[in-house]
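Residues per chain, in single letters:
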Amino acid sequence: MKKFKLSLASQIFIGLVLGIIVGGIFYGSETAQSILQPMGDLFIRLIKMIVVPIVLSTIIVAIAGVGDIKSVGKLGGKSLAYFIGMTLVAIAVGLVSANIFQPGAGLNMETLQQSDISNYVETNEAQEDKSIADTLLHIVPTNPVQAMVEGDMLAIIFFAVVFGLGIAAVGDIGKPVLRFFEGTAKAMFYVTNLFMKYAPIGVFALIGVTISKYGFSSLIPLGKLAITVYGTMIFFVIVILGLMAKFVGFSIFKLLKMIKGELLLAFSTASSETVLPRIMEKMEQAGSPKHIASFVIPTGYSFNLDGSVLYQAIASLFIAQMFGIELSIVQQITLMLVLMVTSKGMAGVPGVSFVVLLATFSTIGLPPEGLAFIAGIDRILDMGRTAVNVVGNSLAAIVIAKWEGQFNPPAEAEEVVKAS
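Now for a quick tour of the structure.

With respect to the overall build of the chain
Step number 1: Check the secondary structure of the chain and you find 20 helices and zero strands.
Step number 2: By the burial criterion, 54% of the 420 residues in the chain qualify as buried.
Step number 3: Accessible area of the chain: about 18700 Å², with a carbon and sulfur share of 66%.

Here you go:
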């Protein structure tokens, strides 16, 4: 008799459903939240513990494998061009959607509950003191160990690229070091698969806390905003990313099937870090070479946040509509360009979506206090934009591999689909 076994994706989905039910039953219960929160936090901490070693080791191995500054520069240039292009498209889609559906028009602000956004304001003020030159200089770490301790991903990526080039340059002398990082990467992927066994429990706890704390009732006053955001995100993934996938000879539905477990996990935890190691592994199995998947995906986590910028575009117009502020076409184009720049310049900043919006509002004359009205449902919207970010970065690895002429899929990627 064949033994019945649930896939990880099925287990995560069951955890998600049970978490929603339990959160609904214990809505407003601080006791339930205090029990569930540590269970969810444990999963996030387990994943965060291995993200830095995985990113560091895989990028070093990938760059050392390429071994050519010119090739690395070409890969980086293509990746950045793609990221900027998709960011602009995502912002444009968000602006068009907000103009069509007018989620903030005619909203009675007296029915909305305001939340405290003082932490985001303080973070934004700290960021405003930095010039563009300061932001670029920050990418180069004065102490790479400190960058790893702080989880400063851009600084880690820069150090890993330079170190990888150094290992390649010294030839045979660098091979023992390369083997060390190859072993580190393999060991960390094994640990990732081990930790993922706890994922269903982590998902159950985190979604349970979210529903218990915010409930479904928080969506009612801002229901039109939530529907607009989620509807636009679905359109962006299926149509815009779908067209891009088709352009390079891939199917967006095949991609979604490959990463369905990771999408559920990213959605329910509202953290793209939780799936970074698995997405890199899946895209390599799907046909993107190791050096491309290992470079493009971690870099995309800082530069290719399609879901985040799409949400920021809608949220900006939502606040304008709510206050009865008419933004001209020129102002909306300005908004588009400012969002593109600020979303890249603040990569890795805590509460980045709100901080980017605060920085953007000051340039086009929108009232920053308007964000207090939508902060209450930000977590629920964050779940959706995190999932879109994951899809966008997964596709980026395939697009860049195709662009480089190095995409080498297994037979219809059946192995990856079955593994998911």
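Topic: helix H1 (residues 8-25)
Step number 1: Between its terminal C-alpha atoms H1 stretches 26 Å, which fits the 26 Å expected from 18 residues at 1.5 Å a residue.
Step number 2: Taken as a whole, H1 has its buried residues at Ala 9, Ile 12, Gly 15, Leu 16, Gly 19 and Gly 23. For H1, the angular spread of buried residues about the axis comes to 115 degrees, placing them on one side.
Step number 3: In this fold, the buried residues of H1 make contact with helix H9 (199-214) and helix H12 (260-269).

Regarding the packing of aromatic side chains
Step number 1: Across all of its chains, the model carries seven aromatic pairs by this definition.
Step number 2: Residue placement shows Lys 254 over the ring face of Phe 250; its charged tip is 5.3 Å from the ring centre.
Step number 3: Sitting above the plane of the Tyr 311 ring, Arg 385 keeps its charged end 4.3 Å from the centroid.

Some remarks on a nonpolar patch on the surface
Step number 1: Where nonpolar side chains cluster on the molecular surface, the patch consists of Leu 6, Phe 13, Ile 14, Val 17, Leu 18, Ile 21, Ile 25 and Phe 26 and spans about 700 Å² of accessible area.
Step number 2: With respect to the element layout, Leu 18 can be found in helix H1.

Focus on the environment of Gly 28
Step number 1: Mapped onto the fold, Gly 28 is located in the loop between H1 and helix H2 (30-66).
Step number 2: The residues contacting Gly 28, other than those within four sequence positions of it, are Gln 33 and Ser 212.

With respect to the pattern of salt bridges
Step number 1: Under the defined criterion, the tally for this structure stands at seven salt bridges.
Step number 2: One salt bridge connects Glu 262 with Arg 278, and the closest N-O pair in it is separated by 3.0 Å. Pair noted here: Glu 262 is in helix H12 and Arg 278 is in helix H13 (residues 276-286), with a separation of 16 residues, a long-range link. Judged on exposure class, the residue Glu 262 and its partner Arg 278 are both buried.
Step number 3: Residues Lys 290 and Glu 284 are paired through a salt bridge, measuring 3.5 Å at the closest nitrogen-oxygen approach.
Step number 4: Salt bridges sharing common partners tie together Glu 262, Arg 278 and Lys 282.

Here we look at H2
Step number 1: In this model H2 runs 53 Å from its N-terminal to its C-terminal C-alpha over 37 residues, within 8% of the 54 Å that 1.5 Å per residue would give.
Step number 2: The largest bend in H2 comes to about 25 degrees, at Val 51, with the proline Pro 53 one to four residues further on.

What about unusual backbone geometry?
Step number 1: Backbone geometry places Gln 102, a non-glycine residue, at a positive phi of 45 degrees.
Step number 2: Mapped onto the elements, Gln 102 comes out in the loop between helix H3 (69-101) and helix H4 (118-128).

Rules behind the numbers
- Residues numbered from 1 in each chain as written.
- Predicted model: local features only at pLDDT ≥ 70, side-chain atom pairs only at ≥ 80, totals over all residues.
- Heavy atoms only, no water.
- Helix = DSSP H or I, 4+ residues; strand = E, 2+ residues; numbered from the N terminus.
- Buried < 20%, exposed > 50% of the residue type's maximum accessible area, 1.4 Å probe, protein only.
- Areas by Shrake-Rupley, 256 points an atom, 1.4 Å probe, with all protein chains shown as cover.
- Expected span 1.5 Å × (residues − 1).
- Arc of directions from axis to C-beta.
- Contact = heavy atoms within 4.5 Å.
- Phe/Tyr/Trp six-rings, centres within 6.5 Å; stacked < 30°, edge-to-face > 60°.
- Lys NZ or Arg CZ within 6 Å of the ring centre and 35° of its normal.
- Patch = residues over 30% accessible without salt bridge, like charges linked within 9 Å, V, L, I, M, F, W, Y side chains within 5 Å.
- Salt bridge = Lys/Arg side-chain N within 4 Å of Asp/Glu carboxyl O.
- Bend = angle between axes of the 7 residues up to and from the residue.

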